[in-house]
Amino acid sequence: MTVHSFQEHFDSLIDREIAIEPKDWMPDDYRKTLIRQISQHAHSEIIGMLPEGNWITRAPSLRRKAVLLAKVQDEAGHGLYLYSAAETLGISRDEMYDQLHTGKAKYSSIFNYPTLTWADMGAIGWLVDGAAIMNQVPLCRTSYGPYARAMVRVCKEESFHQRQGFEIMLTLSKGSEVQRKMAQDALNRWWWPSLMMFGPPDAESPNTESSVRWRIKRFTNDELRQKFVDVTVEQAKVLGLEIPDKDLKWNEERGHYDFGKINWAEFYNVIKGNGPCNKQRLDARRKAWEDGQWVRDAAMAHAAKRKERSATKAA
Amino acid sequence: MTNDKLNKHEWPLWEVFIRSKAGLDHKHAGSLHAADAEMAIENARDVYTRRMEGVSIWVVESKNIHASDPGESASLYDPASDKIYRHPTFYDLPDEVKYM
């Protein structure tokens, strides 16, 4: 087959919604786009453990602590599913870690904001995981098989994350005045960064067009953001909390909520590394990796020794 | 950083297969890194069975998996493609014959 016919075969698989698998021929740009997207997603899961890890030891009850621990453990798992999906495209785990640790690879900018109060655990579960689910559900049908399968696992586990967050917000909003204020304050701080999680507006999103063509992406950033706003505004009413946007208004004609302008300058600034916690997050991640080096080396040495011993025994 | 340095310490990659309940086949769940088989099974438990998804785990080092080439699919599966008589629907039976 010529490159041309390989391309034709690939396009026809995509058009017929047949999954692309690791050993199939694929265009270089498709492979590169997937490696970038899947590894960024994996990095986000791994860095995403840090803001919540901050509250594990200070959770207000044993139940909340067990739940938060399980959620953070799930995020580690999600990172691992995704790293191994990316590895099927020919990049090694160490290369991906290196890209994260040197700042070459990005992760979701939301995790560069601090978690100041317990209510932030509620707001993160409800809003950040809620936004993540909006993004992730369509990815269960993405064109690359290993990615789609990883996302099915992730999505199955993710809805508990959002529910536990909403439950924290509900408990606080029905609690004392101080607790209600704490919940409102968390919503105020996490609302806009959550909207930014869907990425830049479609007009400024350089990767959207080819990603939609390849069925890597199923909906555009703006479509998903609108969907999130419509759903979440109703949920805030149940909590009796106020969305911090004076321009938020139901638009009868569109059948959607109109909402205020997003501060994209802030978004790009955080991505560039100037968010409140960028340095802290990367330092924590690098330290964990470096401090764990002797454990990884010891495990390899132990495995080699045992292999040698059983070989001698057999001989 | 050279690739050599990057991959020097990387634990080997393992493929994980999980039997979700007795009576069913082991099914590929995903992969993970581990220093040896024992660690691969323990890691597989933590990564792939946090919600009781399995009653049995197999791990195989990925380098030991041999796979067919999708580029050769046409010739590999060619012998079966013209043998529709292997399917029961190939045979016409009179309507009176039931339960066959």
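Above this text sits the structure in question.
Just so we're clear, the structure is a prediction, and the values are computed from it rather than from any experiment. (Residues numbered from 1 in each chain as written. Chains lettered and ligands numbered in written order. Predicted model: local features only at pLDDT ≥ 70, side-chain atom pairs only at ≥ 80, totals over all residues. Heavy atoms only, no water.)

## As for the interface of chain A and chain B
Across the contact, 25 residues belong to chain A and 25 residues belong to chain B. Roughly 2,200 Å² is buried in total at the junction of chain A and chain B, and carbon and sulfur atoms are behind 49% of that figure. For the pair chain A and chain B, the number of links is six salt bridges. Put simply, Glu157(A) and Arg50(B) hold a salt bridge, and the shortest N to O gap is 2.8 Å. Inspection of the chain A/chain B interface yields 14 residue pairs in polar contact (both at pLDDT 80 or more). (Contact = heavy atoms within 4.5 Å. Buried area = accessible area lost by both parts, 1.4 Å probe. Salt bridge = Lys/Arg side-chain N within 4 Å of Asp/Glu carboxyl O. Polar contact = N/O pair within 3.5 Å; in protein donor to acceptor, adjacent residues only side chain to side chain.)

## A look at a nonpolar patch on the surface
Together, Ile84(B), Tyr85(B), Phe90(B) and Tyr91(B) make up an exposed nonpolar region whose accessible area comes to about 440 Å². Tracing the backbone shows Tyr85(B) in the segment after helix H4 (78-81). (Patch = residues over 30% accessible without salt bridge, like charges linked within 9 Å, V, L, I, M, F, W, Y side chains within 5 Å. Areas by Shrake-Rupley, 256 points an atom, 1.4 Å probe, with all protein chains shown as cover. Helix = DSSP H or I, 4+ residues; strand = E, 2+ residues; numbered from the N terminus.)

## Comments concerning the packing of helix H4 (residues 93-101) of chain A against helix H11 (residues 278-291) of chain A
Residues and elements named next belong to chain A. Relative to each other, H4 and H11 sit at 140 degrees, their axes nearing to 10 Å. Judged by the inter-axis angle, H4 sits oblique to H11. Residue-level inspection shows Asp94, Tyr97, Leu100 and His101 of H4 in contact with H11, the latter providing Leu282, Arg285, Arg286 and Trp289. A class-by-class count of the residues in the contact of H4 with H11 yields four nonpolar, one polar and three charged. (Axes fitted to C-alpha atoms, helices over the stretch in contact; angles between N-to-C directions. Parallel < 35°, antiparallel > 145°, perpendicular 65-115°, else oblique. Nonpolar A, V, L, I, M, F, W, Y, C, P; charged D, E, K, R; others polar.)

## Description of the pairing of strand E2 (residues 26-33) of chain B
Residue and element names in this part refer to chain B. By the criterion of burial, E2 is predominantly enclosed, with six of the eight residues buried. Sheet analysis places strand E1 (residues 13-19) next to E2, joined by seven bridges and oriented antiparallel. The partner of Leu13 across the bridge, within E2, is His33. Between E1 and E2, which pair antiparallel in sequence order, lie six residues; one of them, Gly23, sits at a positive phi of approximately 105 degrees. (Buried < 20%, exposed > 50% of the residue type's maximum accessible area, 1.4 Å probe, protein only. Pairing = 2+ DSSP bridges.)

## Here's the deal with helix H5 (residues 119-136) of chain A
All names here are of chain A. The terminal C-alpha atoms of H5 lie 24 Å apart, and with 18 residues this matches the ideal 26 Å at 1.5 Å per residue to within 8%. Largest kink in H5: about 25 degrees, centred on Gly125. Counting buried positions along H5 yields 17 of 18 residues, so the element is predominantly enclosed. (Expected span 1.5 Å × (residues − 1). Bend = angle between axes of the 7 residues up to and from the residue.)

Bear in mind that shape data such as this cannot, by itself, settle questions of function.
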